[in-house]
Amino acid sequence: QQVEPHFLFNALNTIASTIHNDPQRADALLMRLAALLRAATELSRRPFAPLADELQLLEGYAAIMQERFADRVQVAFEIDPAASEGRVPTLLLQPLLENAFRHGVERESALAHVRVQVRRTQQRLRVDVHCSAGVVPDAPQPGVGLANLRERLRTAYGDDAQLQLEPGAGGRGSVASIELPFVRA
C-alpha cells in the first residue's frame, strides 16, 4: 500500500506543467493518478482484482510516467487475451513498472524501452517487465516494494508463485518476472 512520495510529487509536477498548455491532457493525467491512488487505498478491502483492471491501472501509471519522461522512454504492452480473464493480487504489477522507471529510466538520459508482457500458459500466469536501462547488481538487494510484493505472493500462493529480478539481454537493463497460478476472475 506504499505509494512512493517522490512518484506522487513528480506526477503532480508533471500534471501542473501541462495544465496551461494542454488542459485536457492534464485532466486525463489527473484522472489516471486518482484511479491509481483509489486502487491503493482499496487494497486492504479488495486483496484481489481482475487482471484487466490491473492492466488499466498500469497503463494509467505508464501514461503519467511517459508524460514525465517525454522523449526518454517508450512503453509497450504485450497482453495475451487468454490472460486477461485472470485474477491477481491488487496492485501486483505497478511496483514492477515503478522499479523499471526508478532504477532504469530515471538514471539514464538515453532512450529507454520498457515492455510489459503478460501471458497465460496452461494454468499459469506470467508477467515480465523488461527495461533496457540500468543494470541489475550481481547480488541485488530487494527494496521495500519487491519485499512487500514477495510477501504478498507468498501469503496468497505459498510456494506456487515466484518473483525474480534478472539482468536483461547482454547484461543491460532488467527483467522482473512474476509467475503464479492462473485463477479466473
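See the structure above.
Definitions and cut-offs
Residues numbered from 1 in each chain as written. Predicted model: local features only at pLDDT ≥ 70, side-chain atom pairs only at ≥ 80, totals over all residues. Heavy atoms only, no water. Helix = DSSP H or I, 4+ residues; strand = E, 2+ residues; numbered from the N terminus. Expected span 1.5 Å × (residues − 1). Buried < 20%, exposed > 50% of the residue type's maximum accessible area, 1.4 Å probe, protein only. Pairing = 2+ DSSP bridges. Axes fitted to C-alpha atoms, helices over the stretch in contact; angles between N-to-C directions. Contact = heavy atoms within 4.5 Å. Phe/Tyr/Trp six-rings, centres within 6.5 Å; stacked < 30°, edge-to-face > 60°. Parallel < 35°, antiparallel > 145°, perpendicular 65-115°, else oblique. Left-handed = near helix turned anticlockwise from the far one by under 90°. Nonpolar A, V, L, I, M, F, W, Y, C, P; charged D, E, K, R; others polar.

Colleague: For this particular structure, what's the right way to read helix H3 (residues 51–69)?
Modeller: Spacing of three or four residues puts side chains on the same side of an α-helix, whose turn is 3.6 residues. Between its terminal C-alpha atoms H3 stretches 26 Å, which fits the 27 Å expected from 19 residues at 1.5 Å a residue. Turning to H3, its buried residues number three or more, namely Leu51, Glu54, Leu55, Leu57, Leu58, Gly60, Tyr61, Ala62, Ala63, Ile64, Met65 and Phe69. Phi for alanine 70, located one or two positions after H3, is positive at around 30 degrees.

Colleague: Explain the pairing of strand S5 (residues 124–131) here, please?
Modeller: Regular strands show a simple pattern: their side chains alternate between the two faces of the sheet. Most of S5 is tucked away, with seven of its eight residues classed as buried. Pairing of strand S4 (residues 112–121) with S5, which is carried by eight bridges, proceeds in the antiparallel orientation. Paired with valine 114 across the strands is cysteine 131, a residue of S5. Two successive antiparallel strands, S4 and S5, enclose a turn made up of two residues, where glutamine 122 displays a positive phi of approximately 50 degrees.

Colleague: Quick question: what am I supposed to make of the sheet that holds strand S2 (residues 73–79) here?
Modeller: Hydrogen bonds between backbone groups are what pair the strands of a sheet, and the pairing can be parallel or antiparallel. The sheet built from five strands is open, its strands ordered S2-S4-S5-S7-S6 with mixed pairing. Sheet topology places S2 and strand S6 (162–167) at the edges, where each strand pairs with a single neighbour. Sheet twist, expressed as the mean angle between neighbouring strand axes with direction ignored, is 10 degrees. The sheet contact formed by S5 and strand S7 (residues 174–181) spans eight bridges and is antiparallel. Bridge assignment links aspartate 128 to a residue of S7, and that residue is serine 177. H3 rests against S2, S4 and S5 of the sheet, and its axis sits at about 165 degrees to S2.

Colleague: Quick question: what am I supposed to make of the packing of aromatic side chains here?
Modeller: Given two aromatic rings, their pairing is described by the distance between the two centres and the angle made by the two planes. Applying the stated rule across the entire model yields three aromatic pairs. Relative to tyrosine 157, the ring of phenylalanine 48 has its centre 6.4 Å away and its plane inclined at 80 degrees; by these criteria the two rings are edge-to-face. Of this pair, phenylalanine 48 sits in strand S1 (residues 48–50) while tyrosine 157 sits in helix H5 (residues 144–157); the two residues are 109 residues apart in sequence, bridging distant segments of the chain. Summarising the aromatic geometry, the rings of phenylalanine 69 and phenylalanine 101 are spaced 5.9 Å apart at their centres and angled 20 degrees between planes, so their arrangement reads as stacked. You can see phenylalanine 69 sitting in helix H3 and its partner phenylalanine 101 sitting in helix H4 (residues 94–103), a full 32 residues away along the chain. Comparing phenylalanine 69 with phenylalanine 101 shows no difference in burial state: the two are buried.

Colleague: Would you mind going over the packing of H3 against H4 with me for this structure?
Modeller: Packed helices, taken two at a time, are described by their axes: the angle between them and the distance between them. Direction vectors running N to C along H3 and H4 enclose 15 degrees, while the axes themselves pass 10 Å from each other. If you check the angle between H3 and H4, you find them roughly parallel. Crossing of H3 over H4 shows right-handed handedness. Two secondary-structure elements touch here, H3 through Leu58, Tyr61, Ala62, Met65 and Phe69 and H4 through Gln94, Leu97, Glu98 and Phe101. A class-by-class count of the residues in the contact of H3 with H4 yields seven nonpolar, one polar and one charged.

Colleague: Just to check I follow, could you spell out the environment of leucine 36 for this structure?
Modeller: Within the secondary structure layout, leucine 36 lies in helix H2 (residues 23–42). Judged by relative accessible area, which is 7%, leucine 36 ranks as buried. The spatial distance from the C-alpha of leucine 36 to the C-alpha of leucine 57 is 6.0 Å, given a sequence separation of 21 residues.

Colleague: In this structure, what is going on with unusual backbone geometry? I would like to understand it.
Modeller: Leaving glycine out, the prevailing phi sign among residues is negative, and the prevailing peptide bond configuration is trans. Located in the positive-phi region is leucine 91, a residue other than glycine, with phi close to 55 degrees. Of note, leucine 91 is situated in the loop between strand S3 (87–89) and H4. The buried category is assigned to leucine 91, whose relative accessible area is 10%. The backbone phi angle of glutamine 122 is positive, close to 50 degrees, even though this residue is not glycine. On the secondary structure map, glutamine 122 appears in the loop between S4 and S5.

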